[in-house]
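Fold and geometry: a report
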Amino acid sequence: MNDKTIHSLTQNVLDTFADCTDPRLKQIMTALVTHLHAFASEVELTGDEWRRGIEFLTATGKMCNGIRQEFILLSDTLGLSIMIDAINHGRGGVTTESSLLGPFYREGAKEEEFGANIARTEGEPTLIHGRLVDEGGAPVAGALIEVWETANNGMYEGQDPDQPESNLRGKFRSGPNGEYAFRTIKPTSYPIPTDGPVGQMLMATGRHPMRPAHIHFLIVAPGYETLTTALYSEGDPYVHSDAVFGSKPSLVIDYVPNHDAAAAKEWALPSPFFEVQRDFVLSARQV
Ligand code: BEZ
Ligand code: FE
């Protein structure tokens, strides 16, 4: 088939959208068909390859249920989720960069006191604290900061019936100066689920399934854009090769050993403990 025939085939399909009354839908469908045709044409996709592609997508759909969403995992591992995040939240400037929410966020975390310890399983004791501020540096008080991370076995509490309820997740409210603090354990890297078609795709393409160690943050403050982000551990072997592309240089943090015995006593932590001091800059909501 020559280029002219391919072009007229694409145009034939685009012409069928002529009566679409929703301009945004028309724009999306036009671009989708144009890019799909260009892709098939560029790689000269064979019938057998497309059949295997359809089988892959069918298996991806069959893997989905109330707690497993293989299509989101596919979007994550192809970098599409983080691309859409960048398009919609790439504010630039001084605001804290966003990252992926991930599939393990669970609503209904308990609101905890300033400085509370959310670790109910073993790990390296850590204090995480800082301030929420706006782009001008003014404090953001009364915001809700939700955090969640995996236990040392690489599993979130919601994935692992052996973990105590509310282990390594909690909700905190920022104080009058925007301050927040909580005690936890240093996170560990973990693999995304590999027992489905996405795992097969990673293996077939020579990719690893690991996410670098991280703690998720969801920050909701009236008058500000909700910030979905995560802090990634400096020195983690996967920090520059995150399987889902969520790790960004500005979100990489150091866990600094704190040897001050008085501080350990004040926070009821063993000495030494790890300390992370990290502020978050929120973006005022556009009106
Ligand atoms: C997570 O960080 O929880 C996550 C994000 C994307 C895919 C799998 C896990
Ligand atoms: Fe995660």
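Values in this document were obtained by computation on a predicted structure and should not be read as measured data.

For the rest of this paragraph, the subject is the pairing of strand E2 (residues 144–148). Of all five residues making up E2, four are buried, and the element is well covered by its neighbours. Strand direction decides the pairing type here: E2 and strand E3 (residues 169–173), joined by five bridges, are antiparallel. The partner of Glu146 across the bridge, within E3, is Lys171. As paired strands, E2 and strand E7 (residues 214–220) are joined by five bridges and run antiparallel to one another.

Each assigned domain of the protein is listed here: domain 1 (3–45) and domain 2 (80–281). Centre-to-centre, using C-alpha coordinates, domain 1 lies 41 Å away from domain 2.

We now examine the site of ligand 1. Around ligand 1, a shell composed of Leu73, Asp76, Gly102, Pro103, Phe104, Tyr156, Tyr190, Ile192, Arg211, His214, His216 and Val244 is seen. A distance of 3.4 Å separates an oxygen atom of ligand 1 from a polar atom in the side chain of Tyr156. Notes on ligand 1: free accessible area 260 Å², of which the protein chains cover 100%. The cavity that encloses ligand 1 is the largest cavity. At the level of elements, helix H4 (70–77) and E7 are the ones that each hand at least two residues to the shell around ligand 1. Classifying every residue of the shell around ligand 1 gives seven nonpolar, three polar and two charged.

As a further point, take unusual backbone geometry. The step from Ser271 to Pro272 runs through a cis peptide bond, and the omega angle for that step is 0°. Among the structural elements, Pro272 can be located in the loop between helix H7 (261–266) and strand E11 (273–277). A positive phi angle, close to 65°, is found at Phe245, a residue other than glycine. Positionally, Phe245 belongs in the loop between strand E8 (227–233) and strand E9 (252–253). Accessibility expressed as a relative area gives 40% for Phe245, which makes it partly exposed. Located in the positive-phi region is Ala268, a residue other than glycine, with phi close to 55°. If you trace the backbone, Ala268 turns up in the loop between H7 and E11.

So, about the UniProt feature "domain: Intradiol ring-cleavage dioxygenases" (unreviewed entry) in the protein. Under the present numbering, the feature "domain: Intradiol ring-cleavage dioxygenases" (unreviewed entry) in UniProt falls on residues 128–156. In the segment residues 128–156, helix accounts for 0% and strand for 38%; the C-alpha atoms at its two ends are 19 Å apart.

Its place among the elements puts Ala151 in the loop between E2 and E3. For Ala151, a relative accessible area of 4% corresponds to the buried category. When the C-alpha positions of Ala151 and Pro187 are compared, they lie 7.1 Å apart, and in sequence the two are 36 residues distant. Residues in contact with Ala151, not counting those within four places in the same chain, are Thr121, Gln163, Asn167, Leu168 and Thr188.

Before going further, it helps to spend a moment on the coordination of the iron ion (ligand 2). Four donors placed tetrahedrally about a metal ideally form angles of 109.5 degrees, and six donors placed octahedrally ideally form angles of 90 or 180 degrees. Surrounding the iron ion (ligand 2) are the protein donor atoms Tyr156 (OH), Tyr190 (OH), His214 (NE2) and His216 (NE2), which sit 1.8 to 2.1 Å from the metal. Coordination geometry of the iron ion (ligand 2): the six donor atoms subtend angles of 54 to 170° at the metal centre, consistent with an arrangement described as irregular. All donor residues of the iron ion (ligand 2) come from one chain, and their arrangement in sequence is Y-x33-Y-x23-H-x1-H. The burial state of His214 is the same as that of His216; both residues are buried.

On to the sheet that holds E3, then. Across the sheet, five strands lie side by side as E3-E2-E7-E8-E9; this open sheet has mixed pairing. The open sheet has two edge strands, E3 and E9, and neither has a second partner. Relative to E8, E7 runs antiparallel, the two sharing six bridges. Bridge assignment links Ile219 to a residue of E8, and that residue is Leu227.

Taken as a whole, this structure holds 10 aromatic pairs when the rule is applied. Seen in terms of ring centroids, Phe104 and Tyr156 are 4.9 Å apart; in terms of plane orientation they differ by 20°. Their pairing is stacked. Of this pair, Phe104 sits in the loop between helix H5 (80–89) and strand E1 (125–133) while Tyr156 sits in the loop between E2 and E3, placing them 52 residues apart in sequence. By relative accessible area, which is 2% here, Tyr156 ends up buried. Plain terms: the ring middles of Tyr156 and Tyr190 are 5.4 Å apart, the flat faces sit at 85° to each other, and that makes the pair edge-to-face. Of the two residues, Tyr156 sits in the loop between E2 and E3 while Tyr190 sits in strand E5 (residues 190–191), which places them 34 residues apart along the sequence. According to the relative accessible area criterion, Tyr190 is buried, its value standing at 4%. Grouped by ring-pair contacts, the aromatic residues Phe172, Tyr180, Phe182, Phe217 and Phe280 constitute a single cluster. Lying across the ring of Phe274, Lys186 places its NZ or CZ 5.2 Å from the centre.

About the criteria used
Residues numbered from 1 in each chain as written. Chains lettered and ligands numbered in written order. Predicted model: local features only at pLDDT ≥ 70, side-chain atom pairs only at ≥ 80, totals over all residues. Heavy atoms only, no water. Buried < 20%, exposed > 50% of the residue type's maximum accessible area, 1.4 Å probe, protein only. Helix = DSSP H or I, 4+ residues; strand = E, 2+ residues; numbered from the N terminus. Pairing = 2+ DSSP bridges. Domains from an automatic or database assignment. Near = heavy atom within 4 Å. Polar contact = N/O pair within 3.5 Å; in protein donor to acceptor, adjacent residues only side chain to side chain. Areas by Shrake-Rupley, 256 points an atom, 1.4 Å probe, with all protein chains shown as cover. 1 Å grid on protein atoms, 1.4 Å probe; cavity = no way out; pocket = protein on both sides within 12 Å on 5 of 7 lines; lining within 4 Å. Sits in = over half its atoms within 2 Å of the grid points. Nonpolar A, V, L, I, M, F, W, Y, C, P; charged D, E, K, R; others polar. UniProt positions renumbered as here; feature names shortened; annotations may be inferred. Contact = heavy atoms within 4.5 Å. Donors = N, O, S within 2.8 Å, 3.2 Å for Na, K, Ca; no water. Tetrahedral: all angles 85-135°; square planar, octahedral: opposite > 155°, others 65-115°. Phe/Tyr/Trp six-rings, centres within 6.5 Å; stacked < 30°, edge-to-face > 60°. Lys NZ or Arg CZ within 6 Å of the ring centre and 35° of its normal.

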